[in-house]
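So the chains spell out like this:
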Amino acid sequence: KAGVTQTPRYLIKTRGQQVTLSCSPISGHRSVSWYQQTPGQGLQFLFEYFSETQRNKGNFPGRFSGRQFSNSRSEMNVSTLELGDSALYLCASSLTDLTDTQYFGPGTRLTVL
Amino acid sequence: KQEVTQIPAALSVPEGENLVLNCSFTDSAIYNLQWFRQDPGKGLTSLLLIQSSQREQTSGRLNASLDKSSGRSTLYIAASQPGDSATYLCAVSNSGNTPLVFGKGTRLSVIA
């Protein structure tokens, strides 16, 4: 069974640009969540999607957005990038919700210059 | 607001040693607790999930215990190996479908 995949694995952008990250969950998983990981703040929850609807949202500004497609694949978008957005962005999938075992992808390393 | 703390932040042990990693949380009304492993620059791998009604879970050389009333969990690793070197994170889920709250992890180095 294929694991969670994320593309691209690495990205370099400049301030003010926007970026879109993609996540394909494990087949049959319907809940997809996104996390930002930085050395200072650790892992912070961004949002969770289920059946194409945002079900939970963390405390991030509106520049961070996401969506989920009918096949459960998900994308997150960050607009007007800031230096502080440099981080490892992790996607996780689970069968139905956040209380199930979470399966994480390898992450996308975003560097903002 | 739930807060999760992991102490120590880093730990170095010789190969073969048994060791315990600690996780504490401020709100004991948790739904479950998960332990993860993260290798450098990689995603997280789920190791064990303990429901709030359980006291422990075992998988191979790993044993996780949960004491809800005291707000603590421990991850016991038996006969450590260099391949166990990684960062170990614990995360708690409060009632219902609420986001996981993660600790900042313990970076473990097992020296051959």
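For the structure, check the block above.
These numbers come from a predicted model, not from an experiment. (Residues numbered from 1 in each chain as written. Chains lettered and ligands numbered in written order. Predicted model: local features only at pLDDT ≥ 70, side-chain atom pairs only at ≥ 80, totals over all residues. Heavy atoms only, no water.)

(A) View of the packing of aromatic side chains. A full pass over the atoms with the stated rule returns eight aromatic pairs over all chains. Between Phe47(A) and Tyr49(A) the ring centres are 5.7 Å apart and the planes differ by 70°, which places this aromatic pair in the edge-to-face class. By relative accessible area, Tyr49(A) is classed as buried at 4%. Measuring from centroid to centroid gives 5.6 Å for Phe36(B) and Phe102(B), while their planes differ by 40°, and the two rings are tilted. Taken together, the positions of Phe36(B) in strand E4 (residues 30–38) and Phe102(B) in strand E10 (residues 101–102) put the pair 66 residues apart, joining distant regions of the chain. Here Phe36(B) and Phe102(B) have matching classes, each one buried. Ring pairing ties together the aromatic residues Tyr35(A), Phe45(A), Phe104(A), Phe36(B) and Phe102(B), which thus form one cluster. Here the basic side chain of Arg55(A) rests over the ring of Phe50(A), its NZ or CZ set 4.3 Å away from the ring centre. (Phe/Tyr/Trp six-rings, centres within 6.5 Å; stacked < 30°, edge-to-face > 60°. Buried < 20%, exposed > 50% of the residue type's maximum accessible area, 1.4 Å probe, protein only. Helix = DSSP H or I, 4+ residues; strand = E, 2+ residues; numbered from the N terminus. Lys NZ or Arg CZ within 6 Å of the ring centre and 35° of its normal.)

(B) Quick look at the pairing of strand E3 (residues 19–25) of chain B. Residues and elements named next belong to chain B. The two faces of E3 differ: Leu19, Leu21, Cys23 and Phe25 on one face are buried, but Val20, Asn22 and Ser24 on the other face are not. Sheet analysis places strand E1 (residues 4–5) next to E3, joined by two bridges and oriented antiparallel. Each residue of the ladder has a partner; that of Val4, found in E3, is Phe25. (Pairing = 2+ DSSP bridges.)

(C) Structural view of the side chain of Glu75(A). All names here are of chain A. If you trace the backbone, Glu75 turns up in strand E8 (residues 74–78). With relative accessibility at 16%, the residue Glu75 sits in the buried group. Engagement of the side chain of Glu75 in a polar contact is seen with the side chain of Arg73, the distance being 3.4 Å. If sequence neighbours within four positions are ignored, Glu75 has contacts with Thr20, Leu21, Ser22, Trp34, Ser65, Gly66, Arg67 and Phe69. (Polar contact = N/O pair within 3.5 Å; in protein donor to acceptor, adjacent residues only side chain to side chain. Contact = heavy atoms within 4.5 Å.)

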